[in-house]
Amino acid sequence: MIKIIMHGCNGHMGQVISEIVKNDESSTIVAGIDLNTERKNDYPVFQSFSECDIDADVIIDFASAKATDSLLDFCLQKSIPVVLCTTGLSNQQIERIEKESKKVAILKSANMSLGINTLLKLLQDAAKVFVPAGYDVEIIEKHHNQKIDAPSGTALALADSINEVFDNEYVYKYDRTLEREKRDKKEIGMSVVRGGTIVGEHEVIFAGTDEVIEIKHTAYSKAVFGKGAVEAAKFLAGKAPGLYNMSDVIK
Ligand SMILES: NC(=O)C1=CN([C@@H]2O[C@H](COP(=O)(O)OP(=O)(O)OC[C@H]3O[C@@H](n4cnc5c(N)ncnc54)[C@H](OP(=O)(O)O)[C@@H]3O)[C@@H](O)[C@H]2O)C=CC1
Ligand SMILES: O=C(O)C1=N[C@H](C(=O)O)C[C@H](O)C1
């Protein structure tokens, strides 16, 4: 039975994970951390890591980038691996995660679904064909109106996966409203929609002369992220320090 601390336990994803774990015989949540402690849970909830003295095998994090530094402090202090799912991290935080992963196991993934993680690999094959043939790459992402960060962590991961094939030569373009020039060949454009309760849509477009290829993923429920996160937690518990991602879990 793996013991989990749920960071962001009273948020949308925290509640999805709580339900999954409640029905899972091989994992249990031993504590939650959340700014909001009003909700009743069947485990103790602390407002911050500094108040939590409970030990665990792994932490699942779906909270806020504002809380990522205190999360890392706690993981290092207690030597507890972490499945880091929060998006909107700064470059400094990403550098720190890389550094700290030499001391504790960290699995970082902007999207825990099987679909997106498979797409990350498939896209590289598509890009190897279309980009050298001169096709432009554009990404459109759509999310609910409660989302704080833009573009989504997944949109950035999709772009990174394509960019990696071309030695990271491509520049990301988030806003064309001030442009008075044609699109540069060496850019990947990202467009963002926010509205209602859209769970998460990501579309990658390869636009060539007289043809367009659109590869799209739609999440219909947050459960796809929750299931992946619990699977990742089971994978990471007991692992040696290192930086892991979902491709280590989904073979
Ligand atoms: N990797 C993936 O597959 C996925 C990643 N995400 C990412 O996960 C994160 C959370 O998403 P979601 O559950 O929808 O967001 P919510 O806002 O619903 O939940 C976040 C929870 O964390 C709490 N929180 C905020 N700041 C702190 C803090 N400093 N310390 C402790 N708790 C804090 C919030 O409290 P309060 O409401 O009081 O602010 C809230 O209860 C986002 O970054 C999102 O992009 C989401 C889905 C999938
Ligand atoms: O905030 C969300 O909801 C989601 N965030 C992640 C992201 O930023 O990519 C993953 C998913 O699309 C849902």
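Note that this is a predicted model, so its numbers are computed, not measured.

A. Representation of the overall build of the protein chain in the model. Of regular secondary structure, the protein chain possesses 7 helices and 12 strands. Compactness check: the protein chain gives a C-alpha radius of gyration of 19 Å against a globular reference of 18 Å for 251 residues, within 12% of the reference. Along the longest, intermediate and shortest principal axes, the C-alpha atoms of the protein chain span 60 × 40 × 35 Å. Taking the contacts inside the protein chain whose residues are at least 6 apart along the sequence as the reference set, 66% of them involve residues at least 24 apart. Accessible area of the protein chain: about 13,000 Å², with a carbon and sulfur share of 50%. Both charge centroids of the protein chain, one from 29 positive and one from 37 negative side chains, sit 1 Å from each other.

B. Just the pattern of salt bridges, in detail. A complete count under the given rule lists 17 salt bridges for this structure. Among the salt bridges present, the one from Asp-149 reaches Lys-147, with a minimum N-O distance of 2.9 Å. Pair check on accessibility: Asp-149 and Lys-147 agree, each one buried. Between Glu-201 and Lys-216 there is a salt bridge, with its nearest N and O atoms 3.3 Å apart. With Glu-201 in strand S10 (residues 200–208) and Lys-216 in strand S11 (residues 211–219), this pair connects stretches of sequence that are 15 residues apart.

C. Representation of the site of ligand 1. His-12, Met-13, Asp-34, Thr-87 and Met-112 are the nearest of the 23 residues found near ligand 1. Separating an oxygen atom of ligand 1 from a side-chain N or O atom of Lys-147 is a distance of 2.9 Å. Considering ligand 1 on its own, with 920 Å² of exposed area, one finds that the protein chains cover 76% of that surface. Among the residues making up the shell around ligand 1, the classes are represented as 9 nonpolar, 11 polar and 3 charged.

D. Layout of the domain arrangement of the protein chain. For the protein chain, the assigned domains are domain 1 (2–108 + 223–250) and domain 2 (114–219). Averaged C-alpha coordinates put domain 1 and domain 2 at centres separated by 28 Å. Buried area between domain 1 and domain 2, both sides added, is near 600 Å², and the carbon and sulfur share of it is 70%. The largest share of the area that domain 1 buries against domain 2 comes from Thr-87, Phe-225 and Ile-250, three residues that together contribute 63% of it. Linking domain 1 to domain 2 there are 0 salt bridges. At the junction of domain 1 with domain 2, the criterion picks out 3 residue pairs in polar contact (both at pLDDT 80 or more). Sorting the residues of the side of domain 1 that touches domain 2 by element identifies helix H6 (223–236) and helix H7 (246–249) as the ones contributing at least two each.

E. Region of interest: the nonpolar core. Residues Ile-17, Ile-60, Phe-62, Val-83, Leu-107 and Met-112 are the most contacted members of the largest nonpolar core, which totals 29 residues. Listed by contribution, the elements that provide at least two residues to this core are strand S1 (2–7), helix H1 (12–22), strand S4 (58–61), strand S6 (105–108), H6 and H7. Element by element, the count of residues in this core is highest for H6, at 6 residues. Ignoring any residue separated from it by four or fewer positions in sequence, one finds Ile-60 in contact with Ile-4, Ile-5, Met-6, His-7, Ile-17, Val-83, Ala-229, Val-230 and Ala-233.

F. Main features of the site of ligand 2. As a matter of local geometry, ligand 2 sits amid 13 residues, with His-143, His-144, Lys-147, Gly-153 and Thr-154 nearest to it. A distance of 2.7 Å separates an oxygen atom of ligand 2 from a polar atom in the side chain of His-144. In the model, an oxygen atom of ligand 2 is placed 2.4 Å from a nitrogen or oxygen of the Thr-154 side chain.

Conventions and cut-offs
Residues numbered from 1 in each chain as written. Chains lettered and ligands numbered in written order. Predicted model: local features only at pLDDT ≥ 70, side-chain atom pairs only at ≥ 80, totals over all residues. Heavy atoms only, no water. Helix = DSSP H or I, 4+ residues; strand = E, 2+ residues; numbered from the N terminus. Rg over C-alpha atoms; globule rule 2.2 N^0.38 Å. Contact = heavy atoms within 4.5 Å. Areas by Shrake-Rupley, 256 points an atom, 1.4 Å probe, with all protein chains shown as cover. Lys, Arg positive; Asp, Glu negative; His and termini not counted. Charge placed at Lys NZ, Arg CZ, Asp CG, Glu CD. Salt bridge = Lys/Arg side-chain N within 4 Å of Asp/Glu carboxyl O. Buried < 20%, exposed > 50% of the residue type's maximum accessible area, 1.4 Å probe, protein only. Near = heavy atom within 4 Å. Polar contact = N/O pair within 3.5 Å; in protein donor to acceptor, adjacent residues only side chain to side chain. Nonpolar A, V, L, I, M, F, W, Y, C, P; charged D, E, K, R; others polar. Domains from an automatic or database assignment. Buried area = accessible area lost by both parts, 1.4 Å probe. Core = buried A, V, L, I, M, F, W, Y, C linked by side-chain atoms within 4.5 Å.

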